[in-house]
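Listed below, chain by chain, are the residues.
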Amino acid sequence: MDKIKSLTGMLDLYDDGDKTNLPAKLFYLEKKIRDIFLSYKLNEIRTPILEDTNLFIRSVGGASDIVNKEIYSFNDRNDKGIALRPEGTASVIRAIIEKKLDQTNHKLWYMGPMWRYERPQKGRYRQFNQAGVEILGIPEGMPEFEMISIVCSIISEFKLQNCTIKINHLGTQKNKESFCNALVKFLEPFKESLDEKDRQRLKKNPLRVLDTKNNETQNILKDAPSIKEFIDSSAIDLLNSIQNNFSDICNIEIDYSLVRGLDYYSGFVFEAVSSELGAQDSFLGGGRYDQLCAKLGGKDLPSIGMAIGLERFAELIELKDNSVKVVSFLCVTGNLEPKAYKIAHQLRSLNKDIILDVHLSDTSLKAKLRKANKNNSDYAIIIGDEELKNNKAVIKPLKNELEEQLTVSIDDLYSFFKSI
Ligand code: HAM
């Protein structure tokens, strides 16, 4: 019979204990990023993974690549157009409007899978995970600083090298439109020199031409008008101020050609890129989207947000030897396990900072010790017939060669475990 395989571009994430593998890094990252978000007093929001397809057409934009060719959508049994969410921002705003919370401030975070029907390659999947932040209800100013502060905290926490935060300002909706018109006017005479993709962009979403990978188009763009000429001096001041304030922590570059692939942005936008990632070098992106809430039927709600691509970010980190202590609990004969398991249960309640790995399989002590070493255990607690009869246990240090193996009473075992 034919085997059923996973779908193209969708990974099974299984942490097999090897810290160099993507799943181990990803799971670790999720935990650490959650802690950073909580330290900024952000509240968690979880929205459904399925939404009305129109939500993304109206927010991300009907002419964007995401909606145009990457959305996973289908009709449900009622013939309603449903989409697997390609990003989180639109869903968050939809939820806030629906809960009638679109008049107040919110600082939110979320984490979870997103779907885009892209051609899979390194760093580009059809199912991938994002961790996102949305700060709602506060106009341009402080939230920009808070957002870059969060990005810098994350980059610093993982000591990322070779990465740059690119920032730009797209001005008001009106500035953006004037710039767009000027760009179209400039590019029209070069239309025949553009490749098919850029020609389509010029027609449907001209700003995206600035994101071209085509060398010839890049050359043409060298003389193109710059957004800098269309935005207010206050916008340029904001960029300079952010750069000045954070450049001792992270590498920040003002890039007037930075545009984002989603239609809802205006004002401050940013992306973090790493030279270690290859073609898909952006591991995080975001910006201000003050018009989105009203566009989705809510109130005027000034907003800014960002999302980290967790698989790409995971590529950039190295897992250090865990500082959390691991203790392996080895029971030597199978029929002792219920009583020994009770001891293990007691131990766990005494010190919540220790990982206690009870080895369940009925293998030899040698095999169990080999596994304990492989699991990076600091100690093995060994209980056999003899120990149990005398209410004792053996503590075997596995990492520190200077420490001696001890046979102790169960009470002393509890005290030892508490003190690790
Ligand atoms: P985005 O730039 O489309 O923004 O996605 C954010 C990040 O998700 C990217 O920088 C990238 O690291 C990751 N990513 C995107 N597509 C893929 C893929 N196919 N495979 C792997 N990783 C991918 C947004 O999604 C906005 N919602 C961010 C935002 C929040 N703006 C305001 N609030």
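Use the structure listed above.
Definitions and limits used
Residues numbered from 1 in each chain as written. Predicted model: local features only at pLDDT ≥ 70, side-chain atom pairs only at ≥ 80, totals over all residues. Heavy atoms only, no water. Pairing = 2+ DSSP bridges. Helix = DSSP H or I, 4+ residues; strand = E, 2+ residues; numbered from the N terminus. Axes fitted to C-alpha atoms, helices over the stretch in contact; angles between N-to-C directions. Contact = heavy atoms within 4.5 Å. Patch = residues over 30% accessible without salt bridge, like charges linked within 9 Å, V, L, I, M, F, W, Y side chains within 5 Å. Areas by Shrake-Rupley, 256 points an atom, 1.4 Å probe, with all protein chains shown as cover. Salt bridge = Lys/Arg side-chain N within 4 Å of Asp/Glu carboxyl O. Near = heavy atom within 4 Å. Polar contact = N/O pair within 3.5 Å; in protein donor to acceptor, adjacent residues only side chain to side chain. Nonpolar A, V, L, I, M, F, W, Y, C, P; charged D, E, K, R; others polar. Buried < 20%, exposed > 50% of the residue type's maximum accessible area, 1.4 Å probe, protein only. Expected span 1.5 Å × (residues − 1).

K.L.:
Describe the sheet that holds strand S13 (residues 355–359), naming the residues involved and giving the relevant values.
P.N.:
Spatial ordering of the open sheet is given by S13-S12-S14-S15-S16, a layout of 5 strands whose pairing is mixed. Edge positions in the open sheet fall to S13 and strand S16 (406–409), since each of these has one partner strand only. Adjacent strand axes in the sheet meet at a mean angle of 25°, parallel and antiparallel pairs treated alike. By the bridge criterion, 4 bridges tie strand S15 (residues 392–397) to S16 in an arrangement that is antiparallel. By the bridge assignment, Val-394 is partnered in S16 with Thr-407. Each of strand S12 (326–331), S13, strand S14 (379–383), S15 and S16 touches helix H15 (residues 410–419); the most contacted strand, S16, lies at about 110° to it.

K.L.:
With reference to specific residues and values, describe a nonpolar patch on the surface.
P.N.:
Taken together, the side chains of Ile-49, Leu-50 and Phe-74 present a nonpolar region at the surface, about 250 Å² in accessible area. With respect to the secondary-structure elements, Leu-50 resides in strand S2 (residues 50–52).

K.L.:
Provide a residue-level description of the site of the ligand, including the pertinent values.
P.N.:
In the region of the ligand, 27 residues are neighbours, and Glu-87, Glu-118, Tyr-125, Glu-134 and Tyr-265 sit closest. Gln-130 is positioned with one of its side-chain polar atoms (N or O) 3.1 Å from an oxygen atom of the ligand. Between Arg-260 and the ligand, the recorded distance is 2.8 Å, taken from a side-chain N or O atom to an oxygen atom. Out of a free accessible area of 660 Å², the ligand has 96% covered by protein chains. Elements supplying a minimum of two residues to the shell around the ligand: strand S6 (127–136), strand S10 (282–288) and strand S11 (303–309). For the shell around the ligand, the element with the most residues is S10, which contributes 6 residues. Across the shell around the ligand, the residue classes tally to 11 nonpolar, 9 polar and 7 charged.

K.L.:
Describe in detail the sheet that holds S10, supporting the description with residues and values.
P.N.:
Strand order across the open sheet formed by 8 strands is S1-S5-S6-S11-S10-S9-S7-S8, with mixed pairing between neighbours. The open sheet has two edge strands, strand S1 (43–44) and strand S8 (252–254), and neither has a second partner.

K.L.:
Quick rundown of the pairing of strand S4 (residues 81–84)? Include the residues and the values.
P.N.:
Sheet topology note: the S2/S4 ladder contains 3 bridges and is antiparallel. Note on S4: the bridge partner recorded for Leu-50 is Leu-84. Where strand S3 (residues 72–75) hands over to S4, the hairpin turn is made up of 5 residues, of which Asp-79 adopts a positive phi near 65°.

K.L.:
Can you explain the pattern of salt bridges? Please cite residues and give values.
P.N.:
Under the criterion given, the structure shown has 19 salt bridges. Residue Arg-201 pairs with Asp-198 through a salt bridge whose shortest N-O separation is 3.5 Å. Of this pair, Arg-201 and Asp-198 are both found in helix H7 (residues 196–204), 3 residues apart, which corresponds to roughly one turn of the helix. Accessibility expressed as a relative area gives 11% for Arg-201, which makes it buried. With a relative accessible area of 1%, Asp-198 lands in the buried category. Between Arg-208 and Asp-211 there is a salt bridge whose closest N-O contact spans 2.9 Å. Among the residues examined, Arg-208 registers a relative accessible area of 13% and is labelled buried. For Asp-211, a relative accessible area of 25% puts it in the partly exposed group. Bridged by salt links that share partners, the residues Asp-65, Lys-69, Asp-198 and Arg-201 form one connected network.

K.L.:
Give a description of the environment of Met-114 that names residues and reports values.
P.N.:
Within the secondary structure layout, Met-114 lies in strand S5 (residues 106–115). Spatially, the C-alpha atoms of Met-114 and Arg-85 are 5.6 Å apart, while their sequence positions differ by 29 residues. Leaving out residues up to four positions away in the same chain, Met-114 has contacts with Arg-85, Pro-86, Glu-87, Gly-88, Arg-126, Gln-127, Phe-128 and Gln-130.

K.L.:
Please provide a residue-by-residue account of helix H1 (residues 22–39), values included.
P.N.:
Every α-helical turn comprises 3.6 residues, leaving residues that sit three or four positions apart pointing alike. Over its 18 residues, H1 extends 26 Å from the first C-alpha to the last, a length consistent with the 26 Å expected when each residue adds 1.5 Å. Check the buried side of H1 and you find it contacts S5, S6, helix H5 (142–157), S11 and helix H11 (310–315). Of the residues one or two after H1, Lys-41 is the one with positive phi, at around 60°.

K.L.:
Account for the pairing of strand S9 (residues 268–274), naming residues and giving values.
P.N.:
Across the 7 residues of S9, 7 count as buried, placing the element largely inside the fold. In terms of strand pairing, strand S7 (residues 163–169) meets S9 through 7 bridges, oriented antiparallel. Its bridge partner lying in S9, Lys-166 is registered against Glu-271.

K.L.:
Can you break down unusual backbone geometry residue by residue, with the values?
P.N.:
Positive phi is not limited to glycine here, since Asn-376 has a value of about 65°. Summarising the element assignment, Asn-376 is placed in the loop between helix H13 (365–374) and S14. Phi angles above zero are rare outside glycine, and Asn-391 is one such case at about 55°.

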